[in-house]
Amino acid sequence: LVWRLIRYPRAVLTDLASPHNGFAFFTFVAGTNVLGARLAAEGIGTLPAVLLGVAFAAWLFLGYAIPALVVGKHPGDDLLRGLNGTWFVWPVARQSVAVMAAGLQQTAGGMADALSILAILSWGIGIMLYGIIGTALVIRILTRGIPPEQWGPPYWVMMGAGAISVLAGSRIVEMDATPMVEVMRAPVAAAAVVFWAFCTWLIPALFGIGYWRHFMCGVPLRYEPGFWSMIYPLGMYSVAGIYLGRADELPLVGWIGGHFLWVALTAWLIVFVAMGVDLFRAARSPRTQDVTSTPK
């Protein structure tokens, strides 16, 4: 990414301002916090805090720069036509900051108050962004429609954004008591259950859209890199259910989350095998062309 910024700055700026690609840059924030959370789970102290600082600074910059560039370059109908599932990576990134801050809060000592404020503010902003983008998506569906070709796997991130909101809320419920946590613990716990219910409802709907897209509208069902954007939401739904079941003392929700891991794993294996087959075919194709083009 750094090399591309140095070598092709105009191409990066074009992508940042594109409604089709711009919001995908928020994966940098989410990925950084995933790494930080994993290191924190191993008891590594300083590096997760550094990664949280990097992720928060990146989100703060991108959170203003990308929407400004996208709206400024593509006003009106052009903007609405470019709206797609990758826009939901914006609230995902913000909720990943909440997850990371909440995870570090219990061992932060004198920084516990600051991290609890950061976690709850990030969670609240993520919820609002989710609602804004969801509303814009509904407006596009009702006024412009979405062709079957554009109902791609990235729309699964819509469910993943809700699921990470559940996870962030569950981690906030488990934080040590601070003035901010005491005010928000009960509302966040209730909102997490509502979001979990909505995500549960979305899963059959998204599978139904996929069936409609491929088997009723005839869009070819073949491997594309976008299929990996299905795996994150499925895995996040599992983890969110496990944490919510523990934080809100809802054993049924935790049981569903634990068993849904097998669905996520199965989907991962299917996409992984499909990717391998696609790479194998791509590797063989040039040689086949060379052989057929060789004069006898």
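Just above, that's the structure.
Right, let's walk through the structure included here. (Residues numbered from 1 in each chain as written. Predicted model: local features only at pLDDT ≥ 70, side-chain atom pairs only at ≥ 80, totals over all residues. Heavy atoms only, no water.)

1. Observations concerning the overall build of the protein chain
Part 1 of the reasoning: Across its full length, the protein chain holds 11 helices and 0 strands.
Part 2 of the reasoning: Reading the helices (α) and strands (β) of the protein chain from amino to carboxyl end gives α-α-α-α-α-α-α-α-α-α-α.
Part 3 of the reasoning: Its C-alpha atoms give the protein chain a radius of gyration of 21 Å, within 12% of the compact-globule value 19 Å for 296 residues.
Part 4 of the reasoning: Of all 296 residues assigned to the protein chain, the portion counted as buried reaches 44%.
Part 5 of the reasoning: Taking the average place of the 18 positive charges on the side chains of the protein chain and the average place of its 14 negative ones, the gap between the two points comes to 13 Å. (Helix = DSSP H or I, 4+ residues; strand = E, 2+ residues; numbered from the N terminus. Rg over C-alpha atoms; globule rule 2.2 N^0.38 Å. Buried < 20%, exposed > 50% of the residue type's maximum accessible area, 1.4 Å probe, protein only. Lys, Arg positive; Asp, Glu negative; His and termini not counted. Charge placed at Lys NZ, Arg CZ, Asp CG, Glu CD.)

2. Considering the environment of Ile141
Part 1 of the reasoning: Along the chain, Ile141 turns up in helix α7 (residues 112-143).
Part 2 of the reasoning: Distance from Ile141 to Leu80, taken between C-alpha atoms, is 9.8 Å for residues 61 residues apart in sequence.
Part 3 of the reasoning: Residue contacts for Ile141: discarding those within four places in its chain leaves Ile146 and Trp151. (Contact = heavy atoms within 4.5 Å.)

3. A look at the side chain of Gln95
Part 1 of the reasoning: By the secondary structure assignment, Gln95 is in helix α6 (residues 89-105).
Part 2 of the reasoning: Residues in contact with Gln95, not counting those within four places in the same chain, are Ser122, Trp123, Gly126, Ile127, Ile164, Ser165 and Ala168.

4. Brief notes about the packing of aromatic side chains
Note on aromatic pairs: each is described by the distance of the centres and the angle between the planes.
Part 1 of the reasoning: Enumeration over the complete set of coordinates arrives at 14 aromatic pairs.
Part 2 of the reasoning: Judged by centre distance (6.0 Å) and plane angle (15°), the ring pair of Phe26 and Trp90 falls under stacked. Placement of the pair is Phe26 in the loop between α2 (9-16) and α3 (27-41) and Trp90 in helix α6, with a sequence separation of 64 residues. The same class applies to Phe26 and to Trp90, which are both buried.
Part 3 of the reasoning: Ring plane angle 45° and centroid distance 4.6 Å describe the contact between Trp151 and Tyr155, whose orientation is recorded as tilted.
Part 4 of the reasoning: Grouping aromatic residues by their ring pairs yields a cluster made of Phe23, Phe26, Trp87 and Trp90.
Part 5 of the reasoning: The aromatic ring of Trp59 is capped on one face by Arg94, whose charged end is 4.1 Å from the ring centroid. (Phe/Tyr/Trp six-rings, centres within 6.5 Å; stacked < 30°, edge-to-face > 60°. Lys NZ or Arg CZ within 6 Å of the ring centre and 35° of its normal.)

Treat this as a map of the structure, not an account of what it does.
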